[in-house]
Amino acid sequence: MYADFSDLVFSPAEILLPQNCDLSKWSVVACDQYTSQPEYWQRVAQTVGSAPSSLRLILPESCLDGPNVDTDIMDVNNTMARYLMDNRFRTLHDTMIYVERRLSNGRVRHGLVGKVDLEQYDYEPGSNALVRATEGTVLSRIPPRVAVRKNAPLELPHAMLLMDDPEDSLMTYLSGCTGEMEQVYDFELMEQGGHITGWALSEDELATVAGLLRKITYPGTFRRRYGDRGGSIALAVGDGNHSLATAKECYERQKRFTPPEQWAALPARYALVELTNLHDGSLVFEAVHRVLFDVDPAELLSALVAAFPGAYYGQGEGCSLRYIHANGEGCVTIPHPPASLEVAVLQPFLDDYLQRRGGRIDYIHGEDVAAGLGRQKGNLAFLLPALKKEQLFPAIVQDGALPRKTFSMGEANDKRFYLEARRIR
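Below or above, wherever it landed, is the structure these notes cover. All values derive from a computational prediction rather than experimental measurement.

1. Topic: unusual backbone geometry
With the exception of glycine, most residues fall at negative phi, and the peptide bonds are largely trans. Notably, D94 is not glycine yet its phi reads approximately 45 degrees, a positive angle. Along the chain, the position of D94 falls in strand β3 (residues 89-95). Here the phi dihedral of D168 falls at roughly 55 degrees; this positive angle occurs in a residue that is not glycine. Taking relative accessible area as the criterion, D168 reaches 21% and is therefore assigned partly exposed.

Printed below as a string of structure tokens:
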């Protein structure tokens, strides 16, 4: 069978896999995790020792503002070049890898590693691209990441993209084919990261995947499911948006010095990612609540009511925002909200209020923890509902990229670990 991915945003790639090394030491968690826990990365370094490892090929986010960052980046690039020269990788040509990741809670997350076309991805607000960010991109976080990537010969992915497949047709098909595919890795991940197993797809499986992806991402499928909302979306970035935004920026830089007819041949046009199903049973969207510190709760709530026409205290039709502070709890209802999600209504107001009046905000997991903080004098907590999976894609189309910390997609040790690589130069 012929696998035709010509009109799809996600396709097979030349995937590099480490060889002749201990994979449990090679594979480390995404660089943007444990940023306030340097002891985690110190333990990882001790575990790895002098063994070949992706730890040498990435720069933990906590190091981006370090005094030796330029030297650290040079070391990363030099190590990439040395690993390539030493044949540290074997190449899987023009394929995808089906992944089963047993998480720390025992659930299994199903994924598919391939490349996404950055020409079809945009993180800018108001974009109508087929691949979009789920949350707002902090532009100041991109330049230091560009410094790491711009001269690197390799990329190692930790970005995860989401597809909207309520029937779980793609991953169900792949999970039934593992007996026929080549197993390319199977090992325990360090630091309670769980277990990961991967299989390389053959041409026949790729052909079936192309057909299934075409149905899943077809704009008409979106419209049938959610109605005509003035657009559609094929894939959304679930994790690693700043990593993907960095890849996009590096590609755009190369385009400036390359004739348009050669853009399709640029390795930088694509980024290696893992695709998973929004409706995968392992993905649990947890609410992220807002707690304000050093504010006058009554004053802030009064300003909230005044900011939206027709808003009032009490439960009603529209957008209801629950709050708790030292003197009680209640709800503000906004009958004609400017966005479809509570967090998309609340967050812009809070950003503006804190900028004008002062105070501090934190993003808290767990309703009990948020409520407890909110009851302390000078604090105010807003308790937000968990995002329903069927709300995500329509909300992105209707409201654009969602506010930061709209939802949480798993614990830190369940985030993607670096394993596969791909040449980008």
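Next comes the rest of the account.
2. Let's talk about the pairing of strand β2 (residues 13-18)
Burial analysis of β2 places 5 of its 6 residues in the buried class, the great majority of the element. Of the pairings in the sheet, the one linking β2 to β3 comprises 5 bridges and is antiparallel in character. Residue A13 lies in a different strand from β3, and its bridge partner there is T95.

3. A closer look at the pattern of salt bridges
The tally for this structure, following the rule as stated, stands at 20 salt bridges. Residue E191 is joined to R43 by a salt bridge in which the shortest nitrogen-to-oxygen separation is 2.8 Å. You can see E191 sitting in the loop between β10 (182-188) and β11 (195-200) and its partner R43 sitting in helix α2 (residues 38-48), a full 148 residues away along the chain. Residue E191 is classed as buried on the basis of its relative accessible area of 18%. Judged by relative accessible area, which is 37%, R43 ranks as partly exposed.

4. Considering the packing of aromatic side chains
One pass over the full model with this rule turns up 9 aromatic pairs. Ring geometry for Y40 versus W41: centroids 5.4 Å apart, planes at 85 degrees, classification edge-to-face. Take Y40 and W41: they sit in the same class, and that class is buried. Ring geometry for F222 versus Y226: centroids 5.0 Å apart, planes at 55 degrees, classification tilted. Within this pair, F222 and its partner Y226 are both found in helix α7 (residues 219-226), separated by 4 residues, close to a single helical turn. Grouping residues by exposure puts F222 and Y226 together as buried. An aromatic cluster of at least three residues, connected via ring pairs, comprises W26, Y83 and F89. Looking at K115, its charged tip hangs above the ring of Y270, at a distance of 4.9 Å from the centre. Sitting over the face of the ring of W263, K255 holds its NZ or CZ atom 4.3 Å from the ring centroid.

5. Some thoughts on the packing of helix α9 (residues 297-307) against helix α10 (residues 342-357)
For the pair α9 and α10, the least separation of the axes is 11 Å and the interaxial angle reads 125 degrees. By the criterion of interaxial angle, the relationship of α9 to α10 is oblique. Pair α9 / α10 crosses with right-handed handedness. For the pair α9 and α10, the contacting residues are E299, L300, A303, L304 and A307 in the first and L346, F349, L350, Y353 and R357 in the second. Looking at side-chain class alone, the contact of α9 with α10 contains 8 nonpolar, no polar and 2 charged residues.

6. As for helix α3 (residues 69-85)
In this model α3 runs 24 Å from its N-terminal to its C-terminal C-alpha over 17 residues, within 8% of the 24 Å that 1.5 Å per residue would give. Where α3 terminates, the next one or two residues include N87, which has phi positive at roughly 55 degrees.

7. Some words on the packing of helix α4 (residues 142-149) against helix α8 (residues 241-255)
The interhelical angle for the contact between α4 and α8, taken along N-to-C directions, is 65 degrees, at an axis separation of 9 Å. As judged from the angle between their axes, α4 and α8 are roughly perpendicular. In terms of crossing hand, the pair formed by α4 and α8 is right-handed. Contacts between α4 and α8 involve I142, R145, V146 and R149 on the former and, on the latter, H242, A245, T246, A247, E249, C250 and R253. For the contact of α4 with α8, the per-class residue count stands at 5 nonpolar, 2 polar and 4 charged.

Basis of the calculations
- Residues numbered from 1 in each chain as written.
- Predicted model: local features only at pLDDT ≥ 70, side-chain atom pairs only at ≥ 80, totals over all residues.
- Heavy atoms only, no water.
- Helix = DSSP H or I, 4+ residues; strand = E, 2+ residues; numbered from the N terminus.
- Buried < 20%, exposed > 50% of the residue type's maximum accessible area, 1.4 Å probe, protein only.
- Pairing = 2+ DSSP bridges.
- Salt bridge = Lys/Arg side-chain N within 4 Å of Asp/Glu carboxyl O.
- Phe/Tyr/Trp six-rings, centres within 6.5 Å; stacked < 30°, edge-to-face > 60°.
- Lys NZ or Arg CZ within 6 Å of the ring centre and 35° of its normal.
- Axes fitted to C-alpha atoms, helices over the stretch in contact; angles between N-to-C directions.
- Parallel < 35°, antiparallel > 145°, perpendicular 65-115°, else oblique.
- Left-handed = near helix turned anticlockwise from the far one by under 90°.
- Contact = heavy atoms within 4.5 Å.
- Nonpolar A, V, L, I, M, F, W, Y, C, P; charged D, E, K, R; others polar.
- Expected span 1.5 Å × (residues − 1).

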